[in-house]
Amino acid sequence: MRKKLMRGALLAAAIVAIVSSCVSCQPVSVGPWGRTTDKEALVAQVAMRSAVQVRVTYSLDVSSIDPTKTHEMRFAFGSGTVVSDGKTSVVLTAWHACAPQRTAMYTVFGPELSVVAQTFAVITADGETLAASVRGGLPESDLCTLDVVGDAGVPARIASSPPPLGALVIYAGGPRGVWGLRMIPTFDGRYAGRSRFTVSGIERDGMLFTFPIAPGSSGSGVFYDGELVAIVVAGDEFEHLSYAIDVAAAAQLIGDRTTVEVSAPRDMVDVESPVWP
């Protein structure tokens with residue numbers, strides 16, 4: 001009997017150790033997210049509860065192709081991570097999702113039409129659509145923050161240091177617009193190290209990870225041990241190589257309201273790639 005009690009105590013201690021070793025495990029291990037003591041599931045839930053889908057709405061001038069109409073709406077989708085909550089939440093995403101656009105494609109085959117208006121919204125993990133506006137941006141780092149009206153989710157804890165080489169990381173986002181009520185794709189991979197990469201003619205210093213991304217993944221938060229370490233901004237031609245910007249580069253964005261002139265025209269910030277790489 002004594003041995004059984006000891007084994008039971010050891011098992012309970014092991015479960016407590018697993019739960020306590022993951023940041024923010026207690027609030028994500030109950031309720032509609034399900035009860036679990038699986039550390040990997042808990043880390044994934046931390047990422048999922050902080051994730052949002054970013055929706056950009058373009059009002060296009062279609063008078064040149066249809067004289068009976070003046071405007072039509074087109075949409076683009078990306079991902080983001082909540083980094084501050086309250087009456088107004090702050091979401092960290094990729095700058096190329098926020099950058100002002102002068103033109104956008106009417107269809108995937110064209111033509112390219114003038115953008116009359118550009119608005120933002122986020123869809124939360126609980127399926128709520130909230131209005132958003134650009135708070136600030138760092139075009140050189142491809143990072144942007146959005147002010148969101150309302151509670152967009154659980155703020156991510158910002159890591160104070162990068163993950164160790166070879167560490168298993170996870171990101172939650174909406175590749176190709178896949179998103180639903182507590183249905184948020186998550187992907188894992190390894191941290192391969194620092195890397196320089198070029199996107200839209202701009203060379204950047206970032207982090208290389210071995211997980212897949214697709215259009216719509218841009219802006220996703222990368223998590224290690226329950227903490228936000230990077231933001232996805234680009235992919236490689238090789239399917240499972242992806243680039244992200246160290247979250248430390250976003251410190252001034254999260255703290256400051258204006259770090260860039262967000263009304264700058266597209267060519268001033270050298271945004272030449274499609275809406276969502």
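Small disclaimer: the values here were computed from a predicted structure and weren't measured.

1. Here's the deal with the overall build of the protein
Moving on, step 1. Secondary structure assignment for the protein yields five helices and 14 strands.
Moving on, step 2. A total of 277 residues make up the protein; the buried ones form 49% of that total.
Moving on, step 3. The contacts in the protein between residues at least 6 apart in sequence include a share of 62% that link residues at least 24 apart.
Moving on, step 4. Taken as a whole, the protein presents about 13200 Å² of accessible surface, with 56% of it coming from carbon and sulfur.

2. A few points about the state of the cysteines
Moving on, step 1. Here the structure, examined in full by the defined rule, presents one disulfide.
Moving on, step 2. Residue Cys-98 pairs covalently with Cys-144 via a disulfide, S to S 2.1 Å. A torsion of -105° about the S-S bond marks the disulfide between Cys-98 and Cys-144 as left-handed. With Cys-98 in helix α4 (residues 95-98) and Cys-144 in strand β7 (residues 143-149), this pair connects stretches of sequence that are 46 residues apart.
Moving on, step 3. Taking relative accessible area as the criterion, Cys-144 reaches 0% and is therefore assigned buried.

3. Let's talk about the pattern of salt bridges
Side chains bearing opposite charge may pair, as long as their charged atoms lie close to each other.
Moving on, step 1. Counting across every chain of the model gives six salt bridges.
Moving on, step 2. Arg-194 is paired through a salt bridge with Asp-205; the nearest N and O atoms lie 2.6 Å apart. Placement of Arg-194 in strand β10 (residues 186-199) and of Asp-205 in strand β11 (residues 202-209) is noted, with a sequence separation of eleven residues between them.
Moving on, step 3. Close ionic contact of Asp-246 with Arg-194 constitutes a salt bridge, the shortest N to O distance being 3.5 Å. One end of the pair, Asp-246, is in strand β14 (residues 242-246); the other, Arg-194, is in strand β10, and 52 residues separate them in sequence.
Moving on, step 4. Residue Asp-246 is classed as buried on the basis of its relative accessible area, which comes to 18%.

4. Considerations on the packing of aromatic side chains
Moving on, step 1. The final tally for this structure, using the stated rule, is five aromatic pairs.
Moving on, step 2. Where Tyr-191 meets Phe-209, the ring centres are 5.4 Å apart and the plane angle is 40°; that geometry is what we call tilted. Separated by 18 residues along the polypeptide, Tyr-191 in strand β10 and Phe-209 in strand β11 bring together distant segments of the chain. With respect to burial, Tyr-191 and Phe-209 carry one shared label: buried.
Moving on, step 3. Taken together, the aromatic side chains of Tyr-171, Phe-187, Tyr-191, Phe-209 and Phe-211 make up a single cluster linked through ring pairs.
Moving on, step 4. The positively charged end of Arg-74 is found above the aromatic ring belonging to Tyr-106, 4.4 Å away from the centroid.

5. Looking at the confidence of the model for the protein
Moving on, step 1. In this model, the protein carries an average pLDDT of 79, and 79% of its residues clear a pLDDT of 70 or more.
Moving on, step 2. This model gives residues 1-30 a pLDDT under 50, and the stretch forms 31 contacts once residues within four places in sequence are excluded.
Moving on, step 3. Long-range and interchain partners of residues 257-277, a stretch whose pLDDT sits below 50, account for 55 contacts in this model, where long-range means more than four residues apart.

What counts as what
- Residues numbered from 1 in each chain as written.
- Predicted model: local features only at pLDDT ≥ 70, side-chain atom pairs only at ≥ 80, totals over all residues.
- Heavy atoms only, no water.
- Helix = DSSP H or I, 4+ residues; strand = E, 2+ residues; numbered from the N terminus.
- Buried < 20%, exposed > 50% of the residue type's maximum accessible area, 1.4 Å probe, protein only.
- Contact = heavy atoms within 4.5 Å.
- Areas by Shrake-Rupley, 256 points an atom, 1.4 Å probe, with all protein chains shown as cover.
- Disulfide = S-S within 2.5 Å.
- Salt bridge = Lys/Arg side-chain N within 4 Å of Asp/Glu carboxyl O.
- Phe/Tyr/Trp six-rings, centres within 6.5 Å; stacked < 30°, edge-to-face > 60°.
- Lys NZ or Arg CZ within 6 Å of the ring centre and 35° of its normal.
- pLDDT = per-residue confidence, 0-100.

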